[in-house]
Amino acid sequence: MRRIAGGEREALRQLYQATSAKLFGVCLRILVDRDEAEDVLQDVYLTIWRRADRYDAGRASVIAWTSAIARNRAIDRLRARGPLAMAEPVEDLELADDAPGAEALLEQAGEHGRLLACLDTLDARTRQVIRTAFFEGVTYEALAQRTATPLGTVKSWIRRGLARLKGCLEA
Amino acid sequence: MSQGHELSPIEALAAEHALGVLTGPERAQAEARMASDPAFAVLVEDWRARLAPLAAEVASVEPPARLWPSIERSLPANDNGAVLRRLRFWRSATVGSLGVAAASLAAVVFLAAQPPRIVERAAPAAPMLNASLMGGAAQPMFVAAYDPMRKMLLVTSLVPPGADPGHAHQLWVVTADGRSHSLGMVQPGASKVMPMPEPMAPMMAEGSALMVSVEPPSGSPMPHPTGPVAAKGMLTRI
């Protein structure tokens, strides 16, 4: 990251090689549209190029920091489609699968395992809406519509869930 | 720690922004606050860091090989002028993505190989809309661009020519109320410019979706799709 902040293109290329498939996956999961995901991914690496000096290794790993940028950009693009974009996923009307996949199970060590363990302390419904929000980048409104639940209820599930999550992670 | 533990209103906002559940205008406000309120920015960054490990569950997908050269070409020289960097950052966040969108539209127009008048005309004053209609395999099967100035929709089928000769691909616009309206047929592999007469033109708006259904060769016998939906995509401003 220091080399990228110093303007070394080769360092950015190496970061791209190491992280682009993961970050493209993150963008594609939120946007579904491949063209848009490609567009956003370009923007993500330009953002990394310009903001590398703000990276703080003490706060987040490189993959965590870059994937947060990718999510943020992809959600910006999703919002540009309109407030209820993705209120109804094309495939089905269910919430995101609550069970982590095989790849995830292999990676459960470390930070991810700790986060999953804390998510597991939440009730299933709260865990599901938080996971759906994370993976699909949808709004409170869209979550309320999908779960056929009043907006205020969904907000309070998520706020209380996040508060408990923080408590668990800090315990 | 305890069940009664609550986030302060400001931290709740930071957490919601990091999770990504805010609407577009709320996000813009939160970003502006991050720029002017370092304490809030730290809260957001902390929440991003807390949630980020979940990304480990997202399947990696290789981006196309052409993407890196394109990123490399668009890199400006890094420098230490914080003000310049900020300016560039904002410019790239807007103009940069516009440029890419315009480039992809140019590709659509090129691909269409339609009469050259389309390519030669000056850029329209009203924003163009475009849509990539994705099929089941998350691959675009049709691309469309709508010019609100001329009320023309350009549609290109990326389906191989001659595919599925027993059926037709019918294009629909799905308006915000969920109703579909037929726009006509699109031949596999072909491009088509469709004038949008008055009842249709207002439907060509952000938030409408374009959809292609598989129908009998003569088209759907009903005023709505009767066959399976092959591809769908939202109209978005570029």
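If you're wondering where the values come from, they're calculated on a predicted model, not measured in any experiment.

Criteria and thresholds
- Residues numbered from 1 in each chain as written.
- Chains lettered and ligands numbered in written order.
- Predicted model: local features only at pLDDT ≥ 70, side-chain atom pairs only at ≥ 80, totals over all residues.
- Helix = DSSP H or I, 4+ residues; strand = E, 2+ residues; numbered from the N terminus.
- Buried ≥ 20, exposed ≤ 12 C-beta atoms within 10 Å, placed from the backbone.
- Contact = placed C-beta atoms within 7 Å.
- Expected span 1.5 Å × (residues − 1).
- Core = buried A, V, L, I, M, F, W, Y, C linked by C-beta atoms within 7 Å.
- Pairing = 2+ DSSP bridges.
- Axes fitted to C-alpha atoms, helices over the stretch in contact; angles between N-to-C directions.
- Parallel < 35°, antiparallel > 145°, perpendicular 65-115°, else oblique.
- Left-handed = near helix turned anticlockwise from the far one by under 90°.
- Nonpolar A, V, L, I, M, F, W, Y, C, P; charged D, E, K, R; others polar.
- pLDDT = per-residue confidence, 0-100.

1. A word on the overall build of chain A
Item 1. Each helix and strand counted, chain A has nine helices and zero strands in total.
Item 2. In chain A, the succession of helices and strands from N to C terminus is α-α-α-α-α-α-α-α-α.
Item 3. The proportion of buried residues among the 171 residues of chain A is 48%.
Item 4. By sequence separation, contacts in chain A at least 24 residues apart represent 70% of the contacts at least 6 residues apart.

2. Some details on the overall build of chain B
Item 1. Helix and strand counts for chain B come out as six helices and nine strands.
Item 2. In chain B, buried positions account for 30% of the 238 residues.
Item 3. Partitioning the contacts of chain B with sequence separation of at least 6, the portion at a separation of at least 24 is 62%.

3. Concerning helix 3 (residues 34-51) of chain A
Item 1. Taking 1.5 Å of rise per residue, 18 residues should cover 26 Å, and helix 3 of chain A covers 25 Å from first to last C-alpha, within 8% of that figure.
Item 2. Burial analysis of helix 3 of chain A places 16 of its 18 residues in the buried class, the great majority of the element.

4. Topic: the nonpolar core
Across soluble globular proteins, you tend to see nonpolar side chains buried next to one another.
Item 1. A:Cys27 and B:Ala144 are the most contacted members of the largest nonpolar core, which has 93 residues in total.
Item 2. When residues in this core are grouped by element, the largest group, ten residues, is from helix 2 (residues 9-31) of chain A.

5. A closer look at the pairing of strand 8 (residues 229-234) of chain B
Residues and elements named next belong to chain B.
Item 1. Along strand 8, five of the six residues are buried, which leaves the element largely enclosed by surrounding structure.
Item 2. Sheet topology note: the strand 7 (residues 209-215)/strand 8 ladder contains five bridges and is antiparallel. From the neighbouring strand, Val-212 faces strand 8, where its bridge partner is Ala-231.

6. Re the packing of helix 3 of chain A against helix 4 (residues 67-74) of chain B
Item 1. Look at helix 3 of chain A against helix 4 of chain B: their axes get within 10 Å of each other, and the N-to-C directions meet at 45 degrees. Compared by their axis directions, helix 3 of chain A and helix 4 of chain B come out oblique. When the axes of helix 3 of chain A and helix 4 of chain B are compared, the crossing they make is right-handed. Of the residues in helix 4 of chain B, those in contact with A:Glu38, A:Leu41, A:Gln42, A:Tyr45 and A:Leu46 of helix 3 of chain A are B:Leu67, B:Ser70, B:Ile71 and B:Ser74.
Item 2. Split by residue class, the contact of helix 3 of chain A with helix 4 of chain B holds five nonpolar, three polar and one charged.

7. Remarks on the interface of chain B and chain A
Item 1. Residue-level contacts link 61 residues of chain B with 65 residues of chain A.
Item 2. Elements with a contribution of two residues or more to the side of chain B that touches chain A: helix 1 (9-19), helix 2 (24-36), helix 3 (38-51), helix 4, helix 5 (82-112), strand 1 (129-134) and strand 8 of chain B.
Item 3. Broken down by element, the side of chain B that touches chain A gets its largest block of residues, nine residues, from helix 5 of chain B.
Item 4. In the side of chain B that touches chain A, the residues fall into 31 nonpolar, 18 polar and twelve charged.

8. Some details on unusual backbone geometry
All names here are of chain A.
Item 1. One non-glycine residue, Val-32, adopts positive backbone phi at about 65 degrees.
Item 2. Its location among the elements puts Val-32 in the loop between helix 2 and helix 3.
Item 3. Given 21 C-beta atoms within 10 Å, Val-32 falls into the buried group.
Item 4. A positive phi angle, near 50 degrees, is found at Ala-148, a position not held by glycine.

9. Thoughts on the confidence of the model for chain A
Residue and element names in this part refer to chain A.
Item 1. Looking at chain A, pLDDT values average 85 and 84% of them are 70 or higher.
Item 2. Mean pLDDT in chain A bottoms out at helix 5 (residues 102-106), which sits at 46, and peaks at helix 9 (residues 151-170), which reaches 96.
Item 3. This model gives residues 90-108 a pLDDT under 50, and the stretch forms 27 contacts once residues within four places in sequence are excluded.

10. So, the environment of B:Ser213
All names here are of chain B.
Item 1. Note that Ser-213 resides in strand 7.
Item 2. Taking the C-alpha atoms as reference, Ser-213 lies 7.2 Å from Ala-231; in sequence the two are 18 residues apart.
Item 3. Every residue in contact with Ser-213, bar those within four places of it in the chain, is listed here: Gln-170, Trp-172, Ser-220, Pro-225, Gly-227, Pro-228, Val-229 and Ala-230.

11. Side note on the packing of helix 2 of chain A against helix 3 of chain A
Residues and elements named next belong to chain A.
Item 1. Contact pair helix 2 / helix 3: the axes reach a minimum separation of 9 Å and the direction vectors enclose 140 degrees. Relative to helix 3, the element helix 2 is oriented oblique. Of the two possible hands of crossing, helix 2 and helix 3 adopt the one that is right-handed. Residues Leu-12, Tyr-16, Ser-20, Leu-23, Phe-24, Cys-27, Leu-28 and Leu-31 of helix 2 pack against Arg-34, Glu-36, Ala-37, Val-40, Leu-41, Val-44, Tyr-45 and Trp-49 of helix 3.
Item 2. Partitioning the contact of helix 2 with helix 3 into residue classes produces 13 nonpolar, one polar and two charged.

12. Description of the environment of A:Tyr45
Item 1. For A:Tyr45, the location among the structural elements is in helix 3.
Item 2. Exposure remark for A:Tyr45: the 27 C-beta atoms within 10 Å place this residue in the buried category.
Item 3. Considering only alpha carbons, one finds A:Tyr45 and A:Thr66, 21 residues apart in sequence, at a separation of 8.7 Å.
Item 4. If sequence neighbours within four positions are ignored, A:Tyr45 has contacts with A:Leu12, A:Tyr16 and B:Ile71.

13. Observations regarding helix 9 of chain A
Item 1. Over its 20 residues, helix 9 of chain A extends 29 Å from the first C-alpha to the last, a length consistent with the 28 Å expected when each residue adds 1.5 Å.
Item 2. Residues A:Val154, A:Trp157, A:Ile158, A:Arg159, A:Gly161, A:Leu162, A:Ala163, A:Arg164 and A:Leu165 constitute the buried set of helix 9 of chain A.

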